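Working through the structure, step by step
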Amino acid sequence: MSTRVDDSYQGGIDVTPSDTENIQFPTGITYGRAVYVSETGNVSAVLADGSELLFTFMTAGVFHKISVVRINSTGTTATGIKVMY
């Protein structure tokens, strides 16, 4: 795979929220670079630095530039969650 020098995403995965399991990225990827939701709602995330934040009323259909390692099930009401890397 070649290295990208622009701001585009290399891939993405569907995410099932979990309070204990981090997102399983391909080898060499340690965090996602954006969160997308199909239905507006709250997203409870563990960020790349280990901090946790609750994003309320995350808008559907938008790529939110947030570096995440996990989407928690507790507090998350948004559906159709995808994380881009």
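Here the structure is a predicted model, which is why all the values come from computation and not from measurement.

1. A few points about the overall build of the protein chain
Secondary structure summary: the protein chain contains zero helices and six strands in total. Going from the N terminus to the C terminus, the protein chain shows its helices and strands as β-β-β-β-β-β. Taken over the C-alpha trace, the protein chain has a radius of gyration of 12 Å; the compact-globule value for 85 residues is 12 Å, and the two agree within 12%. Its C-alpha atoms put the protein chain at 35 × 25 × 20 Å along the principal axes. Out of the 85 residues belonging to the protein chain, those deemed buried represent 35%. For the protein chain, contacts bridging at least 24 residues in sequence account for 67% of all contacts bridging at least 6.

2. Focus on the sheet that holds strand β4 (residues 52–58)
Spatially, three strands are ordered β4-β3-β5 in an open sheet, and the strand pairing comes out antiparallel. Lying at the two open borders of the sheet, with one neighbouring strand each, are β4 and β5 (68–72). Strand-to-strand twist across the sheet, computed as the mean angle between neighbouring axes with direction ignored, equals 35°. As paired strands, strand β3 (residues 41–47) and β4 are joined by five bridges and run antiparallel to one another.

3. Looking at the sheet that holds strand β6 (residues 82–84)
Taken in spatial order, the three strands line up as β1-β6-β2 in an open sheet, and their pairing is antiparallel. Taken across any chain shown, the strands that pair with only one partner, and hence form the sheet edges, are β1 (12–14) and β2 (34–36). Strand-to-strand, the axes of this sheet are offset by a mean angle of 20°, without reference to chain direction. Here three bridges tie β1 to β6, and the two strands are oriented antiparallel to one another. Of the residues in β6, the one forming a bridge with Asp14 is Lys82.

4. Quick word on the packing of aromatic side chains
Scanning the model with the defined rule gives three aromatic pairs in all. An angle of 35° between the planes, with centres 5.9 Å apart, marks the rings of Tyr9 and Phe63 as tilted. Note that Tyr9 is positioned in the segment before β1 and Phe63 in the loop between β4 and β5, a separation of 54 residues in sequence. You can call Phe63 partly exposed: its relative accessible area is 43%. Both rings, one in Phe25 and one in Tyr85, keep their centres 6.0 Å apart while their planes meet at 80°; by these two values the pair is edge-to-face. Separated by 60 residues along the polypeptide, Phe25 in the loop between β1 and β2 and Tyr85 in the segment after β6 bring together distant segments of the chain. Overall, Phe25 belongs to the buried group, its relative accessible area being 14%. By the ring-pair criterion, three or more aromatic residues cluster together here, those being Tyr9, Tyr36 and Phe63.

Cut-offs used in this document
Residues numbered from 1 in each chain as written. Predicted model: local features only at pLDDT ≥ 70, side-chain atom pairs only at ≥ 80, totals over all residues. Heavy atoms only, no water. Helix = DSSP H or I, 4+ residues; strand = E, 2+ residues; numbered from the N terminus. Rg over C-alpha atoms; globule rule 2.2 N^0.38 Å. Buried < 20%, exposed > 50% of the residue type's maximum accessible area, 1.4 Å probe, protein only. Contact = heavy atoms within 4.5 Å. Pairing = 2+ DSSP bridges. Axes fitted to C-alpha atoms, helices over the stretch in contact; angles between N-to-C directions. Phe/Tyr/Trp six-rings, centres within 6.5 Å; stacked < 30°, edge-to-face > 60°.

Keep in mind these numbers describe shape, not what the thing actually does.
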